[in-house]
Amino acid sequence: MSNPSTIGIPDSQIRTLTIHLGTVPDNIQFFNDQQKWTSSLIWAVLIVTLSTSFVMGVNIGGPNVYNSFIIPWTRGYPFPCQKSDDTAQWIARVWWNCDYKNISRFNKTYGYYYLPMIPVKEQVWQQFIDAIHTVCFVLGGTVGGMTAKYWYIFLTRRNAIFASMIIQLLASILMIIPLYIYYGYTNDPDRRTIIKTFENKEIAIGLLYISRFLSGFSAGMCCVVSTIYLMDISPRTMRGKIVTFHQLFIVIGVLVGQIIGIPWLLGQHDKWNWGMSWAGLFSLAGCFLIWTLPESPRWLVQERERNEAAASLRLLRKSNLIEAELDEIERQEATVVTQNYRYILCVFFYSSETLSTLGFVEDRFYWSVISTGLINLVATTAAVKLVESFGRRLLILCSLGMIAFIMILLCIFVETHTSIAALVFMLIFIAIFAVGLGPIPYVYPNEVFSIDMRPIALSASMFASWLCNTLVTVFFPILKSIFHGYVFLIFCVCCLLAFILLWYKMPETKCKKLSQIQAFW
């Protein structure tokens, strides 16, 4: 009688592998190192990255272009003409017919144009208050990354991804509400209209902060649960390439979020809440499509469910020749039993302020922002190939060295107000980051830790990453207001210290087994 697991596979492809050796040397190859993509593997990678990684990217890239609307709104000035920066005023002139030439309008307290200046001694504190929604996001990412390991105590790999989608879906729903309960769309409002507008101000701002925290929490979770799942379903020779798709779809999300945020789409005074919530549709779709994916074969082996692990591998590889790969996974598990700084987010979070300072205003501001997303996408797409061609160690060391040099140049060009040169080197920085420091932190922890330690270790590394993101998000505006362009020298020193440490302590992991990697130490 035919085995149900072999239905649909030609008899000529079915082989029986019997190993009579008690101990198998590490240098024996058990399966084809030239394994290729299959339809099941492509489907799994697309579902996971589109419903988690892509959404994370939108939540990083989108809010930056909406800050011109969010900041006055949270300060208590929700009306369309209450805008301070040049780009926001340009949008108000074109889409809301605001007239900033009539100075008398500005002196009408609580009127349609009223937006008081912040005293110099209060500006640093006000910058922190204005950035709270961004701080909430990175704090959520820190907590989500730190606690992601605990989801694996109660849930499978696939179910943990589902939980992150539910959290993001809730965040998107909450993001829609604020602009419907606290808004100002009326021309030159009277006192009664103003009082009614502010009735739900605190609730609306609270919902904004909660939504951003939950989005960050989901993003922090996805950096752990999604990358571990991608690692688990990948053939050894393709693991770097496949895990890099997580970073690639984050970058695609950043670019799409920036494009959606232009004023011709959702980048307007009365639409930014939808611009920050629409990505939840991908999480909603993922909540249903995730059940079409196989469970992680490595997790099933760890749970001593060998038959289910074999079925999962057959589905992913579209072949019955999976015994050798399954044996290698089991040997790694047996070995376990016997042995038992992120800089890029400040670019996307604060690029609106930096670019405006350099003179990119009105429509030029949006094209310069989108250019950062395009460069990031092109470079990350190249990284999918480079990460397997050149290895992890070379890419990370080269990117650290070049970024340290670029930080010095950015310091010079920002201080001398050479706007075009500063933008060019900002784009070069993004490209170099996307090739090395962008994808490698997601690939590397999955390769150097054993199966049972992987969730804990990746949670710890993502916690450290998001904690650094939080510190940069909180202190970058403050340091920039104090040191101006010289703030980039701080990043230069950090890169040089990281370069020295990794030069001596980072082994190459490209196409290597866990035992070979651990032999480095």
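Residues numbered from 1 in each chain as written. Predicted model: local features only at pLDDT ≥ 70, side-chain atom pairs only at ≥ 80, totals over all residues. Heavy atoms only, no water.

Trainee: Just checking my understanding: could you explain the overall build of the chain for this structure?
Mentor: Counting its regular elements, the chain contains 22 helices and zero strands. Total accessible area on the chain is roughly 22,600 Å²; 66% of this is exposed by carbon and sulfur atoms. (Helix = DSSP H or I, 4+ residues; strand = E, 2+ residues; numbered from the N terminus. Areas by Shrake-Rupley, 256 points an atom, 1.4 Å probe, with all protein chains shown as cover.)

Trainee: Which parts of the structure should I look at to understand the state of the cysteines?
Mentor: One way to say it: the disulfide is the covalent bond shared by the sulfur atoms of two cysteines. Per the counting criterion, the structure on display carries zero disulfides. Distance from the sulfur of Cys 222, which forms no disulfide, to the nearest cysteine sulfur (Cys 223) is 4.8 Å. For Cys 222, a relative accessible area of 1% translates into the label buried. (Disulfide = S-S within 2.5 Å. Buried < 20%, exposed > 50% of the residue type's maximum accessible area, 1.4 Å probe, protein only.)

Trainee: Any chance you could explain the packing of aromatic side chains here in plain terms?
Mentor: Two descriptors summarise a pair of aromatic rings, namely the distance from one centre to the other and the angle between the planes of the rings. Taken as a whole, this structure holds 16 aromatic pairs when the rule is applied. Here Trp 90 and Trp 95 contribute two aromatic rings whose centre-to-centre distance is 5.8 Å and whose plane-to-plane angle is 85 degrees, an arrangement assigned as edge-to-face. With a relative accessible area of 11%, Trp 90 lands in the buried category. Judged by relative accessible area, Trp 95 falls into the partly exposed class, the value being 27%. Their ring planes at 70 degrees and their centres at 6.1 Å tell us that Trp 278 and Phe 282 sit as a pair that is edge-to-face. Residue classification places Phe 282 among the partly exposed positions, given a relative accessible area of 30%. The ring centre of Trp 503 lies 5.3 Å from the NZ or CZ of Arg 393, which sits over that ring. (Phe/Tyr/Trp six-rings, centres within 6.5 Å; stacked < 30°, edge-to-face > 60°. Lys NZ or Arg CZ within 6 Å of the ring centre and 35° of its normal.)

Trainee: Sorry, what's going on with unusual backbone geometry here?
Mentor: For residues besides glycine, phi is generally negative; the peptide bonds are generally trans as well. Phi at Lys 318 is positive, roughly 55 degrees, even though this residue is not glycine. Along the chain, the position of Lys 318 falls in the loop between helix H13 (306-317) and helix H14 (323-339).

Trainee: I would appreciate a short explanation of the side chain of Thr 38 in the present structure.
Mentor: Position of Thr 38 relative to the elements: it lies in the segment before helix H1 (39-75). Assessed through its relative accessible area of 13%, Thr 38 is described here as buried. The contacts of Thr 38, once residues within four sequence positions are left out, are Leu 316, Arg 317 and Lys 318. (Contact = heavy atoms within 4.5 Å.)

Trainee: Looking at this structure, how should I read the environment of Ala 131?
Mentor: Within the fold, Ala 131 resides in the loop between helix H3 (123-130) and helix H4 (132-154). A relative accessible area of 7% means that Ala 131 is categorised as buried. Residues Ala 131 and Asn 67, spaced 64 residues apart in sequence, show a C-alpha to C-alpha distance of 9.0 Å.

Trainee: Sorry if this is basic, but what is going on with helix H5 (residues 157-176) here?
Mentor: Structurally, the α-helix is built with 3.6 residues per turn, so residues lying three or four positions apart point the same way. If you check H5, its first and last C-alpha atoms are 30 Å apart, about what 20 residues at 1.5 Å a residue would give, namely 28 Å. Within H5, 14 of the 20 residues are buried, which leaves it mostly tucked inside the rest of the structure. (Expected span 1.5 Å × (residues − 1).)

Trainee: In this structure, what is going on with the nonpolar core? I would like to understand it.
Mentor: In globular proteins that are soluble, nonpolar side chains generally tend to be buried together. By size, the foremost hydrophobic cluster in this structure holds 47 residues, and its most contacted members are Met 56, Ile 233 and Trp 466. At the level of elements, H1, H4, H5, helix H8 (201-233), helix H9 (239-260), helix H19 (440-448) and helix H20 (454-483) are the ones that each hand at least two residues to this core. Setting aside residues up to four positions removed in sequence, Met 56 forms contacts with Ala 219, Cys 222, Cys 223, Ile 250, Tyr 442 and Trp 466. With 35 residues, the next largest nonpolar core counts Cys 411, Ile 430, Ile 440 and Met 506 among its residues. (Core = buried A, V, L, I, M, F, W, Y, C linked by side-chain atoms within 4.5 Å.)

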